[in-house]
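# Fold and geometry: a report
Each chain, letter by letter, is given below.
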Amino acid sequence: MENDGKAQAGGLWHWRIVQLTVGLSVLCFVLIFAVGGFSEESTRLCIRLSAKVSLVLFSVAFSASAVQGLLRNAITVWWRMNRRYLGISFAIVHLLHLAFLVLLQQWFHPVFTLAKNTSLFAGGMAYLFVVLMLLTSFERFSRYLSKKQWKLLHTVGGWWIWAIFASSYFKRVLHGEMEYIPWAALVVVIGVLRVVALRKK
(Lines give C-alpha, C1' and ligand atoms only; values in the text may rest on other atoms or scores of the structure.)
Protein backbone atom coordinates (compact mmCIF):
# COMPACT_ATOMS: atom_id res chain seq x y z
CA MET A 1 0.00 0.00 0.00
CA GLU A 2 2.60 2.48 -1.05
CA ASN A 3 2.19 6.22 -1.34
CA ASP A 4 2.73 7.59 -4.82
CA GLY A 5 1.83 11.15 -3.84
CA LYS A 6 -1.25 13.07 -4.78
CA ALA A 7 -3.55 11.74 -7.45
CA GLN A 8 -2.93 13.27 -10.82
CA ALA A 9 -5.87 15.36 -11.95
CA GLY A 10 -7.82 13.57 -14.63
CA GLY A 11 -5.68 10.47 -14.32
CA LEU A 12 -6.93 7.06 -15.34
CA TRP A 13 -8.90 5.36 -12.54
CA HIS A 14 -7.28 6.48 -9.27
CA TRP A 15 -10.17 6.96 -6.80
CA ARG A 16 -12.54 5.25 -9.20
CA ILE A 17 -10.74 2.03 -8.29
CA VAL A 18 -11.74 2.50 -4.66
CA GLN A 19 -15.30 3.44 -5.57
CA LEU A 20 -15.67 0.44 -7.87
CA THR A 21 -14.05 -2.26 -5.73
CA VAL A 22 -15.50 -1.16 -2.39
CA GLY A 23 -18.89 -0.31 -3.89
CA LEU A 24 -19.28 -3.72 -5.56
CA SER A 25 -18.10 -5.48 -2.41
CA VAL A 26 -20.59 -3.66 -0.22
CA LEU A 27 -23.36 -4.40 -2.73
CA CYS A 28 -22.54 -8.11 -2.54
CA PHE A 29 -22.59 -8.04 1.26
CA VAL A 30 -25.95 -6.25 1.28
CA LEU A 31 -27.40 -8.78 -1.16
CA ILE A 32 -26.18 -11.67 0.98
CA PHE A 33 -28.02 -10.35 4.03
CA ALA A 34 -31.04 -9.36 1.93
CA VAL A 35 -31.40 -12.90 0.59
CA GLY A 36 -30.25 -14.89 3.62
CA GLY A 37 -31.43 -12.57 6.36
CA PHE A 38 -29.48 -11.60 9.46
CA SER A 39 -28.14 -15.03 10.30
CA GLU A 40 -24.95 -16.85 11.17
CA GLU A 41 -24.82 -18.40 7.71
CA SER A 42 -25.07 -14.99 6.00
CA THR A 43 -22.43 -13.54 8.32
CA ARG A 44 -20.04 -16.41 7.66
CA LEU A 45 -20.61 -16.06 3.91
CA CYS A 46 -19.70 -12.37 4.14
CA ILE A 47 -16.60 -13.28 6.15
CA ARG A 48 -15.45 -15.75 3.49
CA LEU A 49 -16.22 -13.40 0.61
CA SER A 50 -14.56 -10.37 2.22
CA ALA A 51 -11.45 -12.46 2.98
CA LYS A 52 -11.12 -13.52 -0.65
CA VAL A 53 -11.75 -10.05 -2.04
CA SER A 54 -9.20 -8.69 0.44
CA LEU A 55 -6.63 -11.24 -0.68
CA VAL A 56 -7.09 -10.35 -4.36
CA LEU A 57 -6.79 -6.62 -3.69
CA PHE A 58 -3.82 -7.12 -1.40
CA SER A 59 -2.10 -9.34 -3.96
CA VAL A 60 -2.52 -6.77 -6.72
CA ALA A 61 -1.28 -3.91 -4.53
CA PHE A 62 1.57 -5.85 -2.89
CA SER A 63 2.94 -7.19 -6.17
CA ALA A 64 2.61 -3.99 -8.24
CA SER A 65 6.20 -2.76 -7.97
CA ALA A 66 7.60 -6.28 -8.34
CA VAL A 67 5.63 -6.97 -11.50
CA GLN A 68 6.67 -3.67 -13.06
CA GLY A 69 10.30 -4.38 -12.16
CA LEU A 70 10.13 -7.71 -13.96
CA LEU A 71 7.96 -6.68 -16.90
CA ARG A 72 7.58 -3.05 -17.91
CA ASN A 73 4.73 -2.19 -20.27
CA ALA A 74 1.66 0.05 -20.33
CA ILE A 75 -0.35 -2.31 -18.11
CA THR A 76 2.31 -2.71 -15.42
CA VAL A 77 3.01 1.03 -15.42
CA TRP A 78 -0.71 1.71 -14.85
CA TRP A 79 -0.73 -1.02 -12.21
CA ARG A 80 2.22 0.53 -10.36
CA MET A 81 0.80 4.06 -10.59
CA ASN A 82 -2.48 2.96 -9.03
CA ARG A 83 -1.19 0.67 -6.28
CA ARG A 84 -2.01 3.29 -3.66
CA TYR A 85 -5.70 3.09 -4.52
CA LEU A 86 -5.63 -0.68 -4.76
CA GLY A 87 -4.08 -0.72 -1.30
CA ILE A 88 -6.72 1.63 0.09
CA SER A 89 -9.43 -0.60 -1.39
CA PHE A 90 -7.83 -3.61 0.29
CA ALA A 91 -7.69 -1.88 3.66
CA ILE A 92 -11.36 -0.86 3.56
CA VAL A 93 -12.60 -4.31 2.53
CA HIS A 94 -10.37 -6.01 5.09
CA LEU A 95 -11.70 -3.76 7.84
CA LEU A 96 -15.21 -4.78 6.74
CA HIS A 97 -13.99 -8.37 7.12
CA LEU A 98 -13.07 -7.55 10.72
CA ALA A 99 -16.50 -5.99 11.24
CA PHE A 100 -18.17 -9.23 10.13
CA LEU A 101 -15.96 -11.20 12.53
CA VAL A 102 -17.03 -8.90 15.37
CA LEU A 103 -20.65 -9.39 14.30
CA LEU A 104 -20.17 -13.15 14.41
CA GLN A 105 -18.61 -12.90 17.88
CA GLN A 106 -21.33 -10.69 19.31
CA TRP A 107 -24.40 -12.41 17.85
CA PHE A 108 -23.72 -15.98 16.78
CA HIS A 109 -20.41 -17.65 17.65
CA PRO A 110 -17.53 -16.77 20.04
CA VAL A 111 -14.90 -16.83 17.31
CA PHE A 112 -12.45 -14.58 19.20
CA THR A 113 -13.09 -16.27 22.54
CA LEU A 114 -12.19 -19.67 21.12
CA ALA A 115 -9.15 -18.46 19.17
CA LYS A 116 -5.63 -19.06 20.47
CA ASN A 117 -3.76 -16.11 21.97
CA THR A 118 -1.06 -16.42 19.33
CA SER A 119 -3.67 -16.18 16.56
CA LEU A 120 -5.27 -13.15 18.19
CA PHE A 121 -1.89 -11.44 18.52
CA ALA A 122 -0.86 -12.17 14.93
CA GLY A 123 -4.22 -11.11 13.54
CA GLY A 124 -4.32 -8.03 15.76
CA MET A 125 -0.89 -6.96 14.55
CA ALA A 126 -2.02 -7.45 10.95
CA TYR A 127 -4.96 -5.10 11.49
CA LEU A 128 -2.71 -2.59 13.23
CA PHE A 129 -0.51 -2.58 10.14
CA VAL A 130 -3.58 -2.27 7.90
CA VAL A 131 -4.72 0.84 9.76
CA LEU A 132 -1.25 2.41 9.89
CA MET A 133 -0.61 1.70 6.22
CA LEU A 134 -4.02 3.07 5.30
CA LEU A 135 -3.47 6.30 7.23
CA THR A 136 0.03 6.82 5.86
CA SER A 137 -1.29 6.39 2.32
CA PHE A 138 -2.47 9.98 2.77
CA GLU A 139 -0.07 12.90 2.82
CA ARG A 140 -1.71 14.34 5.93
CA PHE A 141 -0.28 11.44 7.95
CA SER A 142 2.70 10.31 5.87
CA ARG A 143 4.42 13.67 6.32
CA TYR A 144 5.14 12.74 9.95
CA LEU A 145 7.38 9.88 8.76
CA SER A 146 10.68 10.07 6.97
CA LYS A 147 10.90 8.30 3.62
CA LYS A 148 12.89 5.51 5.25
CA GLN A 149 10.38 5.09 8.09
CA TRP A 150 7.47 5.07 5.65
CA LYS A 151 9.12 2.42 3.48
CA LEU A 152 9.96 0.28 6.52
CA LEU A 153 6.37 0.45 7.78
CA HIS A 154 4.88 -0.56 4.43
CA THR A 155 7.46 -3.28 3.78
CA VAL A 156 7.20 -4.93 7.19
CA GLY A 157 3.44 -4.46 7.29
CA GLY A 158 3.01 -5.90 3.81
CA TRP A 159 5.01 -9.02 4.62
CA TRP A 160 3.24 -9.48 7.95
CA ILE A 161 -0.16 -9.36 6.22
CA TRP A 162 1.16 -11.72 3.54
CA ALA A 163 2.21 -14.18 6.28
CA ILE A 164 -1.25 -14.06 7.86
CA PHE A 165 -2.91 -14.85 4.53
CA ALA A 166 -0.38 -17.63 3.91
CA SER A 167 -0.96 -19.18 7.32
CA SER A 168 -4.74 -18.99 6.97
CA TYR A 169 -5.03 -20.58 3.54
CA PHE A 170 -2.23 -23.13 3.97
CA LYS A 171 -3.90 -24.41 7.16
CA ARG A 172 -7.16 -24.91 5.28
CA VAL A 173 -5.42 -26.82 2.51
CA LEU A 174 -3.56 -29.00 5.02
CA HIS A 175 -6.90 -29.75 6.70
CA GLY A 176 -8.21 -31.14 3.44
CA GLU A 177 -10.15 -28.14 2.14
CA MET A 178 -8.90 -28.48 -1.43
CA GLU A 179 -11.07 -25.62 -2.72
CA TYR A 180 -8.59 -23.25 -1.05
CA ILE A 181 -5.63 -24.45 -3.15
CA PRO A 182 -5.99 -21.62 -5.74
CA TRP A 183 -5.98 -19.02 -2.96
CA ALA A 184 -2.93 -20.56 -1.30
CA ALA A 185 -1.25 -20.64 -4.70
CA LEU A 186 -1.97 -16.94 -5.19
CA VAL A 187 -0.25 -16.16 -1.88
CA VAL A 188 2.80 -18.16 -2.98
CA VAL A 189 2.95 -16.43 -6.37
CA ILE A 190 2.96 -12.89 -4.98
CA GLY A 191 5.58 -13.84 -2.40
CA VAL A 192 7.81 -15.32 -5.10
CA LEU A 193 7.33 -12.26 -7.32
CA ARG A 194 8.44 -9.96 -4.51
CA VAL A 195 11.52 -12.05 -3.72
CA VAL A 196 12.53 -12.46 -7.38
CA ALA A 197 12.13 -8.72 -8.02
CA LEU A 198 14.19 -7.93 -4.92
CA ARG A 199 16.99 -10.28 -5.99
CA LYS A 200 16.96 -8.82 -9.48
CA LYS A 201 17.21 -5.31 -8.09
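Presented here is an overview of the structure given in this document. Everything numeric in this text was worked out from a predicted model, so none of it was measured.

### Quick word on the overall build of the protein
- Check the secondary structure of the protein and you find 10 helices and zero strands.
- Ordered by position from the N terminus, the helices and strands of the protein form the series α-α-α-α-α-α-α-α-α-α.
- Computed over the C-alpha atoms, the radius of gyration of the protein is 17 Å, within 12% of the 17 Å expected from 2.2 N^0.38 for a compact globule of 201 residues.
- Its C-alpha atoms put the protein at 45 × 35 × 35 Å along the principal axes.
- Across the protein, contacts joining residues at least 24 apart in sequence account for 74% of those joining residues at least 6 apart.
- Taking the 21 positively charged and 7 negatively charged side chains of the protein as two groups, their mean positions are separated by 13 Å.

### Describing the pattern of salt bridges
- One pass over the structure, following the stated rule, counts two salt bridges.
- The partner of E40 in a salt bridge is R44, with the nearest N and O atoms 2.9 Å apart. Linking E40 with R44, this pair stays in helix 2 (residues 40-62), spanning four residues, or about one helical turn.
- You can call R44 partly exposed: its relative accessible area is 30%.

### Overview of the nonpolar core
- In terms of nonpolar packing, the biggest core is built from 29 residues, with F58, F90, I161, F165 and Y169 touching the most fellow members.
- Elements with a minimum of two residues in this core: helix 1 (15-36), helix 2, helix 5 (83-107), helix 7 (117-135), helix 9 (147-174) and helix 10 (181-200).
- In this view, F58 contacts F90, G158, I161, W162, F165 and I190; residues no more than four positions away in its chain are not counted.
- F29, I32, C46 and F100 belong to the second largest nonpolar core, which has seven residues in total.

### Description of the packing of aromatic side chains
- Going through the model one piece at a time under the given rule, you end up with 16 aromatic pairs.
- Summarising the aromatic geometry, the rings of W15 and Y85 are spaced 5.2 Å apart at their centres and angled 75 degrees between planes, so their arrangement reads as edge-to-face. Here W15 is found in helix 1, whereas its partner Y85 is found in helix 5, with 70 residues between them in sequence.
- On the basis of relative accessible area, W15 is assigned to the partly exposed category, the value being 35%.

### Focus on the environment of C46
- For C46, the position within the fold is in helix 2.
- Residue classification places C46 among the buried positions, given a relative accessible area of 0%.
- Each C-alpha atom, one on C46 and one on G36, is 11 Å from the other, the two residues being 10 residues apart in sequence.
- Contact partners of C46, with chain neighbours within four places excluded, come to F29, I32, F33 and F100.

Thresholds applied
Residues numbered from 1 in each chain as written. Predicted model: local features only at pLDDT ≥ 70, side-chain atom pairs only at ≥ 80, totals over all residues. Heavy atoms only, no water. Helix = DSSP H or I, 4+ residues; strand = E, 2+ residues; numbered from the N terminus. Rg over C-alpha atoms; globule rule 2.2 N^0.38 Å. Contact = heavy atoms within 4.5 Å. Lys, Arg positive; Asp, Glu negative; His and termini not counted. Charge placed at Lys NZ, Arg CZ, Asp CG, Glu CD. Salt bridge = Lys/Arg side-chain N within 4 Å of Asp/Glu carboxyl O. Buried < 20%, exposed > 50% of the residue type's maximum accessible area, 1.4 Å probe, protein only. Core = buried A, V, L, I, M, F, W, Y, C linked by side-chain atoms within 4.5 Å. Phe/Tyr/Trp six-rings, centres within 6.5 Å; stacked < 30°, edge-to-face > 60°.

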